[in-house]
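Tertiary structure, described
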Amino acid sequence: MTNASMDSAPMKGSLTTVDARTKKRNAAEKRFRLYGIVAILIGLFFLVVLAVSILRSGIPAFTQAEVRLEFTMTQEQFDDAESQLLKTKAYQDLFIAALQSELEAKGLDVEFDGEAIERLLGKTGSTIREYFKENPDQIGTPVTFNLAASSRVDGYFKGRVSRDTLVDSRFLEVSDLDLVDALADAGIIVQAFNWNFITGSDSGVDNPGGAGIGVSVIGSFFMMLVVLALSLPIGVAASIYLEEFAPQNWFTDLIEVNISNLAAVPSIVFGILGLAVFIQFMHLPQSAPLVGGLVLTLMTLPTIIISTRASLKAVPPSIREAALGVGASKMQTVFHHVLPLAAPGILTGTIIGLAQALGETAPLLLIGMVGFIARAYPEGVVSGFIDPNSAMPAQIYTWAARADAGFYEKAWGGIIILLIFLLTMNLIAIILRRRFERRW
Amino acid sequence: MPLLWLFLLVLAIALAAFVLARSRVLAMSGQDRRTLHSLPNYYGSNAAMKSAIPALLVLVVWLIAQPFYVNSVVSDAIPDSAIADTSSRSLLLAEVRRAADGIDLAVSAGAMTEAEARDPDADVETMTATLTEAGAIVTSQITQSVLSAAQQFRVLNDTGYRIMTIAVLLIAAAGAFWGIKETRPDFRARNVVEQGIRVLLIAAASIAILTTLGIVLSLVFNTVEFFRLYPASDFFFGTNWAPSFSGRGGASDLGILPLLWGTFYISIVALVVAVPVGLFSAIYLSEYASPKVRAFAKPMLEVLAGIPTIVYGLFALLTVGPLLVSVFGDEGLGWMQAGTAVMTAGLVMGIMLIPFVSSLSDDIINAVPQAMRDGSYGLGATQSETIRQVVLPAALPGIVGAILLAASRAIGETMIVVLGAGAAARLSLNPFDAMTTVTAKIVSQLTGDSDFASPEALVAFALGMTLFVITLGLNVFALYIVRKYREQYE
Amino acid sequence: MYDTSHHRQETAVTDVKIKAKDVQVYYGDNHAIKDVSVEIENNTVTAFIGPSGCGKSTFLRCLNRMNDTIDICRVEGDILIDGNDIYDKRVDPVQLRAKVGMVFQKPNPFPKSIYDNIAYGPRIHGMARNKAELDEIVERALRRGAIWDEVKDRLNAPGTGLSGGQQQRLCIARAVATEPEVLLMDEPCSALDPIATAQVEELIDELRQNYAVVIVTHSMQQAARVSQKTAFFHLGNLVEYDDTSKIFTNPEDSRTESYITGRIG
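**A few points about the overall build of chain C**
Along chain C, the regular secondary structure elements total 11 helices and 10 strands. Over its C-alpha atoms chain C spans a radius of gyration of 18 Å, differing by no more than 12% from the 18 Å that the globule rule assigns to 265 residues. Taken over the C-alpha atoms alone, chain C extends approximately 55 × 40 × 35 Å along its principal axes. The buried share of chain C, reckoned over its 265 residues, is 57%. Summing over all exposed atoms, chain C offers an accessible surface of approximately 10800 Å²; the carbon and sulfur share of this is 46%.

Structure (structure tokens):
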């Protein structure tokens with residue numbers, strides 16, 4: 001037997017020469033390792049593509065083509081215009097004259113009429129009239145007007161609209177683009193930062209240029225207030241019970257099973273719950289941030305409970321024994337010693353749970369936070385909770401579902417804002433963890 | 001908001017009880033606080049707790065119960081003859097409620113006085129006119145029976161809330177009185193308060209059960225309602241999905257099979273993308289990567305998991321869809337009609353699931369004991385042989401569990417399919433066709449102003465029920481496998 | 001446990017299997033092994049003894065480069081097997097480990113059948129041309145692991161279902177199946193009860209006919225029972241290396257004496 005084994009022994013040769021079989025095995029090893037690298041690169045590649053397409057498509061939402069024209073209104077001109085029958089037409093003519101002289105001064109010669117200006121800039125006449133009626137003291141001094149260009153003109157600068165694809169309509173005609181080019185050459189049309197996008201409200205379906213995300217940010221804010229106010233105390237209380245007090249019995253098991261299953265229930269099902277219980281059954285107002293907050297609370301609770309329990313578990317038993325040893329009650333031990341020590345971890349988990357809730361869309365669609373509802377800022381705190389409003393992700397969905405491609409840019413822009421919020425929250429969570437993390 | 005005031009009033013009573021009980025026990029103890037059983041604050045808390053908690057409990061129960069009572073009384077009072085011209089009692093009740101809301105609005109806007117609003121002999125036509133003028137949306141002419149029912153509804157509600165206010169305040173005061181009265185130095189206030197806190201903690205933990213119960217009940221009730229209007233066998237075995245849009249026509253085909261097929265097809269495409277990439281990433285990160293690579297690549301991949309699904313939805317609709325069309329569309333291979341398709345949604349969902357699969361598998365691979373690897377290395381196995389023949393077989397149950405969890409995620413995912421998969425329900429094998437899923441149809445049937453009593457809206461609850469049962473089954477099974485696997489190595 | 005005839009034979013055919021010279025091992029900044037030089041002979045059981053943390057296991061794991069799997073570990077000096085430096089760049093650690101088998105402290109059967117546990121090594125090294133040959137290798141290894149009679153009827157049962165002592169003998173059989181020339185054993189009996197220990201010790205004594213066996217042990221009695229040569233490690237140094245009989249009766253170094261009489265350790 002010994003001899004047989006000696007004969008079949010595979011490697012009698014020197015250790016330093018690699019035999020053929022080992023070479024093959026090492027090649028397989030290299031291949032396998034390569035699969036891993038490729039897999040990771042694929043993942044990172046997707047991340048980069050995602051980031052690039054968000055940035056490339058979203059950044060234009062933050063700029064807006066606008067006409068910047070310095071304009072002096074004399075008292076005679078003002079009185080003259082006010083005395084006419086078509087007052088805004090008179091103001092528009094004044095504006096056109098000013099625009100024409102500005103173009104001539106730059107040595108550019110283009111023909112255009114009032115209708116073209118209306119297609120480019122909307123009702124300039126009434127804007128100017130309202131300004132001077134409100135600020136009569138500005139008459140006689142040069143005033144710079146910044147007038148937002150219509151969304152098609154804006155799209156022309158951003159490459160969404162081109163001479164080849166443009167079909168003449170009441171919104172824009174191909175011939176108008178000559179004027180636009182001339183204005184751009186003269187430096188009258190400029191790209192300016194679009195504050196309206198950040199602070200404004202949603203706009204009607206044919207005005208993508210005027211759409212802003214500001215109101216739905218407020219909607220999200222009120223929703224997050226509800227989520228924070230409910231899920232933190234309830235989540236912490238539930239975790240304390242389960243981690244510190246719960247006896248081993250069927251009831252505790254039932255709670256545990258429920259929590260772990262709720263964590264994996266699809267978010268849309270929570271939307272159905274919200275619709276059936278909060279709106280159909282309790283008659284709470286539809287589309288209200290309060291209801292959205294309640295639904296998101298129920299959805300976030302399992303996440304918060306799981307992370308809170310982990311933080312409580314990380315506090316070593318010796319701390320509890322020390323407190324009990326000096327005669328503290330179980331409740332005092334938990335609230336005076338365990339909870340403060342676990343607080344940083346609980347806070348981190350809560351912030352991450354909130355960030356998750358902030359990005360959640362599907363349940364909000366079912367409770368009616370979709371469509372043209374983020375129209376105006378709420379009037380007060382109560383109105384902020386119960387008046388119909390949208391939320392950031394629901395607003396983005398609303399824009400993505402509209403037919404006008406001009407809204408897509410807004411949707412991407414909205415995503416940038418949403419991601420900035422999420423990134424900030426996660427950064428705070430990471431910093432908290434780094435700063436206060438305690439290793440026992 | 002009178003409700004808010006009532007709430008604040010109860011809190012104020014509780015606060016007063018706290019202060020009184022605390023000073024009472026301090027006065028009783030004289031100079032020596034050590035004669036007290038508990039710290040003075042516990043005596044205060046005891047009184048506050050006894051005043052606030054029962055009162056608030058009654059308030060909540062009352063608020064939930066009263067609408068039922070009022071509805072049933074009003075419903076009984078409506079004569080059957082009034083129902084004939086509308087379709088059902090529940091629709092008529094909804095109209096009654098709208099009319100009552102309208103009257104409330106008119107009263108608060110000053111368009112009519114409270115006495116006018118309650119006048120049983122009020123003329124129906126002038127009433128309608130006043131309501132329309134006040135801006136209350138009245139769909140049509142109010143009938144006499146609706147008006148009187150609405151008036152009765154208002155009166156009942158009014159009295160109900162008045163009795164509730166008195167009852168709640170009385171309970172709060174009685175609780176406060178009891179709490180203050182039992183305050184004596186030898187009273188074990190701390191134990192009682194702690195018992196109370198314990199009950200609160202249990203209540204908080206029970207919310208998980210209540211949530212599940214709420215989900216199940218709201219699904220079951222509405223699903224049963226749906227099956228009363230639409231045969232269950234047609235729903236489960238129908239191969240055609242074509243709801244009529246009028247909301248009233250009975251010509252809807254509501255078969256779930258095309259939706260289930262779309263759901264599974266998209267999920268399978270997603271898993272085909274996510275499982276190999278996620279699994280190999282996990283293997284590389286846990287077995288090969290240097291700490292530096294791991295510290296960089298792992299969080300980077302996890303960023304993919306932190307991105308909201310609406311972002312992926314938009315990515316599918318506006319980036320991946322057009323990209324696929326340019327390759328597989330009419331100008332390329334001609335397989336694809338539009339950007340929304342199974343492939344689009346599946347691919348993007350796969351990207352979303354990569355970190356999910358990889359971090360779960362990473363945990364599971366790391367749980368395989370090092371001794372197992374050493375045993376294999378000691379026999380002269382290469383690292384890949386060790387992974388393929390020892391580590392992966394050992395981790396297999398856990399990895400299967402992780403994949404099942406990912407599948408349940410994919411099946412329940414909504415935003416990506418709403419935006420990326422299309423709206424047409426179809427039983428097709430071509431992955432470049434647009435298809436739709438259970439979740440996408442839940443959204444489309446429940447958004448908009450559809451009437452919740454129609455089968456077209458109620459079907460969403462039956463879809464939700466199906467979704468809930470499937471994902472719950474997958475989760476329970478997957479968690480069971482993973483737990484069994486963990487126990488094996490503990 | 002061993003008789004003098006064995007002893008004579010050994011001294012007659014003394015051939016050095018492993019030769020270590022000035023070996024240093026570092027774990028990060030920690031200097032774990034200092035200047036160890038030792039010669040391990042063929043057909044001999046060599047025991048490494050010493051208090052916990054003295055570096056005996058670390059040194060053992062250098063002999064088949066198991067330390068390669070630990071990132072922060074660094075080995076300096078020469079370790080030669082049959083005159084070849086195993087830390088030479090051209091040496092494939094995989095090939096080396098097939099030649100220098102290892103048995104671990106805790107029995108670590110793979111979660112596979114008994115048969116597959118044994119067949120794993122021969123399969124990856126391509127030692128069998130067909131199923132019949134593999135069957136033969138498995139049987140031979142199990143016989144040599146002194147466990148064949150206990151498991152021959154349930155080769156397809158999972159290896160994890162065996163008792164502790166059986167598992168460890170299975171692991172030894174698994175190591176033997178790849179036909180190594182050296183067998184390293186890292187406290188192979190520390191997780192076993194006395195009866196299983198006795199069985200394994202008996203097995204070790206038989207194995208020495210074919211292999212150079214190196215065993216790390218905590219138990220001095222075990223070293224005295226199974227080994228012919230003993231090395232005493234203390235704080236990373238090789239203090240004394242000699243015939244087992246000499247170490248246990250007449251040690252030269254005072255530290256060795258303190259240890260075997262129970263004063264340090």
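Once the structure has been displayed, the description carries forward.
**Here's the deal with the overall build of chain A**
Check the secondary structure of chain A and you find 19 helices and 3 strands. What you see for chain A is a C-alpha radius of gyration of 32 Å, clearly larger than the 22 Å of a compact globule of 440 residues, by over 25%. Overall, chain A is about 115 × 75 × 40 Å in size when its C-alpha atoms are taken along their principal axes. For chain A, buried positions account for 49% of its 440 residues. Long-range contacts, defined here as pairs at least 24 residues apart, represent 77% of the contacts in chain A between residues at least 6 apart. For chain A, the exposed surface amounts to about 20200 Å²; the carbon and sulfur share of it is 60%. Each charge class in chain A can be summarised by its mean position, and for the 34 positive and 41 negative side chains these summaries are 19 Å apart.

**Concerning the environment of Val226 of chain A**
Residues and elements named next belong to chain A. Relative to the helices and strands, Val226 is located in helix H10 (residues 214–245). With a relative accessible area of 8%, Val226 lands in the buried category. C-alpha separation for the pair Val226 and Leu296, spaced 70 residues apart in sequence, amounts to 8.9 Å. Apart from the residues lying within four places of it in its own chain, the contact partners of Val226 are Leu290, Gly293, Leu294, Thr297 and Phe385.

**Structural notes on the sheet that holds strand S1 (residues 63–72) of chain A**
The strands that make up a sheet pair up through hydrogen bonds in the backbone, lying either parallel or antiparallel. Residue and element names in this part refer to chain A. Spatial ordering of the open sheet is given by S2-S1-S3, a layout of 3 strands whose pairing is antiparallel. The outermost strands of the open sheet, each flanked by one partner alone, are strand S2 (142–148) and strand S3 (189–193). Adjacent strand axes in the sheet meet at a mean angle of 45 degrees, parallel and antiparallel pairs treated alike. As paired elements, S1 and S2 share 7 bridges and run antiparallel to each other. Within the sheet, the bridge partner assigned to Phe71 lies in S2 and is Val143. With respect to the sheet, helix H4 (residues 87–105) is in contact with S1 and S2, its orientation differing from that of S1 by roughly 95 degrees.

**A few points about the interface of chain B and chain A**
Listed per partner, the contact involves 79 residues of chain B and 71 residues of chain A. Roughly 6600 Å² of surface becomes buried between chain B and chain A when both sides are summed, with 80% attributable to carbon and sulfur atoms. Summed over the shared surface of chain B and chain A, the result is 1 salt bridge. The shortest N-O distance in the salt bridge between Glu385 of chain B and Arg25 of chain A comes to 2.8 Å. At the junction of chain B and chain A, the tally comes to 10 residue pairs in polar contact (both at pLDDT 80 or more).

**Some points on helix H12 (residues 309–328) of chain B**
Along H12 of chain B, the largest kink reaches about 40 degrees and is centred on Ala316 of chain B. Among the 20 residues in H12 of chain B, 14 count as buried, and that is most of the element.

**Things to note about the domain arrangement of chain A**
With domains assigned, chain A is organised as domain 1 (15–59), domain 2 (62–203) and domain 3 (214–436). On a C-alpha basis, the centres of domain 1 of chain A and domain 2 of chain A stand 55 Å from each other.

**Some words on the pattern of salt bridges**
Once their charged atoms are close, side chains differing in charge can pair, the charge on each being opposite to the other. Counted by the stated rule, this structure contains 40 salt bridges over all chains. Put simply, Lys89 of chain A and Asp93 of chain A hold a salt bridge, and the shortest N to O gap is 3.2 Å. Of this pair, Lys89 of chain A and Asp93 of chain A both sit in helix H4, separated by 4 residues, roughly a single helical turn. Here Asp82 of chain C makes a salt bridge to Lys17 of chain C, at a shortest N to O gap of 2.9 Å. Highlighted residues: Asp82 of chain C in the loop between strand S4 (73–81) and strand S5 (84–85) and Lys17 of chain C in strand S1 (residues 16–27), separated in sequence by 65 residues. Judged by its relative accessible area of 40%, Asp82 of chain C is partly exposed. The class for Lys17 of chain C is buried, based on a relative accessible area of 7%.

**Re the pairing of strand S6 (residues 100–103) of chain C**
Residue and element names in this part refer to chain C. Of the two faces of S6, the one lined by Val100 and Met102 and the one lined by Gly101 and Val103 are each fully buried. Across 4 bridges, S6 lies against strand S7 (residues 182–186) in parallel orientation. Counted as the bridge partner of Val100 is Val182 from S7.

**A closer look at the packing of helix H10 (residues 257–288) of chain B against helix H15 (residues 383–412) of chain B**
Residue and element names in this part refer to chain B. With their axes 10 Å apart at the nearest point, H10 and H15 run at an angle of 140 degrees to one another. Between H10 and H15 lies a crossing whose hand is right-handed. In this structure, H10 uses Thr263, Phe264, Ser267, Leu271, Val275, Leu279, Ile283, Glu287 and Tyr288 to contact H15, whose residues at the interface are Gln383, Ser384, Ile387, Val391, Leu392, Ile399, Ile403, Ala406, Ala407, Ala410 and Ile411. Classifying every residue of the contact of H10 with H15 by side-chain character gives 15 nonpolar, 4 polar and 1 charged.

**A word on the packing of aromatic side chains**
Considering all chains together, one arrives at 30 aromatic pairs over all chains under this definition. Taking the centre distance of 5.6 Å and the plane angle of 70 degrees together, the rings of Tyr35 of chain A and Phe280 of chain B count as edge-to-face. Here the residue Tyr35 of chain A occupies a position in helix H2 (residues 20–58), and Phe280 of chain B occupies one in helix H10, the pair thus bridging two chains. Members of the aromatic cluster, each reached through a chain of ring pairs, are Phe62, Phe193, Trp195, Phe197 and Trp399 of chain A. One cation-aromatic arrangement involves Arg435 of chain A over Phe436 of chain A; the distance from NZ or CZ to the ring centre is 5.2 Å. It is Arg74 of chain C that lies over the ring of Tyr26 of chain C; its NZ or CZ is 4.5 Å from the centre.

What counts and how
Residues numbered from 1 in each chain as written. Chains lettered and ligands numbered in written order. Predicted model: local features only at pLDDT ≥ 70, side-chain atom pairs only at ≥ 80, totals over all residues. Heavy atoms only, no water. Helix = DSSP H or I, 4+ residues; strand = E, 2+ residues; numbered from the N terminus. Rg over C-alpha atoms; globule rule 2.2 N^0.38 Å. Buried < 20%, exposed > 50% of the residue type's maximum accessible area, 1.4 Å probe, protein only. Areas by Shrake-Rupley, 256 points an atom, 1.4 Å probe, with all protein chains shown as cover. Contact = heavy atoms within 4.5 Å. Lys, Arg positive; Asp, Glu negative; His and termini not counted. Charge placed at Lys NZ, Arg CZ, Asp CG, Glu CD. Pairing = 2+ DSSP bridges. Axes fitted to C-alpha atoms, helices over the stretch in contact; angles between N-to-C directions. Buried area = accessible area lost by both parts, 1.4 Å probe. Salt bridge = Lys/Arg side-chain N within 4 Å of Asp/Glu carboxyl O. Polar contact = N/O pair within 3.5 Å; in protein donor to acceptor, adjacent residues only side chain to side chain. Bend = angle between axes of the 7 residues up to and from the residue. Domains from an automatic or database assignment. Left-handed = near helix turned anticlockwise from the far one by under 90°. Nonpolar A, V, L, I, M, F, W, Y, C, P; charged D, E, K, R; others polar. Phe/Tyr/Trp six-rings, centres within 6.5 Å; stacked < 30°, edge-to-face > 60°. Lys NZ or Arg CZ within 6 Å of the ring centre and 35° of its normal.

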